[in-house]
Amino acid sequence: MDFLIKQTDDDWFNLPSKLFPEALHPNSVPSRSISGWGDYRIEVMECEIAFSFESPGIQVIFGNNNIPEALAQQLVEEICQNITTVTGQSGEVIWLS
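> Now, about the overall build of the protein chain: what can you tell me, with residues and values included?
Within the protein chain one finds two helices and six strands. Ordered by position from the N terminus, the helices and strands of the protein chain form the series β-α-β-β-β-β-α-β. A globule of 97 residues ought to have a C-alpha radius of gyration of about 13 Å, and the protein chain, at 12 Å, matches this closely. Seen along its three principal axes, the alpha-carbon backbone of the protein chain occupies a region of about 35 × 25 × 25 Å.

> Outline the nonpolar core, supporting the account with residue identities and numerical values.
In this structure, I5 and F62 are the most contacted members of the largest nonpolar core, which totals 28 residues. The element that contributes the greatest number of residues to this core is helix α2 (residues 69-87), accounting for seven residues. If we ignore the near neighbours within four places in the chain, the residues touching I5 are F13, G57, I58, V60, V76, I79, C80, I83, E92 and V93.

What counts as what
Residues numbered from 1 in each chain as written. Predicted model: local features only at pLDDT ≥ 70, side-chain atom pairs only at ≥ 80, totals over all residues. Heavy atoms only, no water. Helix = DSSP H or I, 4+ residues; strand = E, 2+ residues; numbered from the N terminus. Rg over C-alpha atoms; globule rule 2.2 N^0.38 Å. Core = buried A, V, L, I, M, F, W, Y, C linked by side-chain atoms within 4.5 Å. Buried < 20%, exposed > 50% of the residue type's maximum accessible area, 1.4 Å probe, protein only. Contact = heavy atoms within 4.5 Å.

These figures come from the coordinates and say nothing about function on their own.
In structure tokens:
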């Protein structure tokens, strides 16, 4: 599953890498930072989630299908809210696949 978190106030989120741990995690389930490809990566419920900063926004890629689609959508919405809290910039979640 892939999602895009797109900034709605401007072109790009003002989110320096030192704030990734604070912003790029869901609130409703435990997660931990892990190494791997992408700009940042976490593990949630035995599923690896990669974040890749692209021109249109932050691509969120779920590494396997351990998480049901509805829960994946909820987790990405929580992450989007965290980004808004940390940066003061609002965003929206777009389902890619």
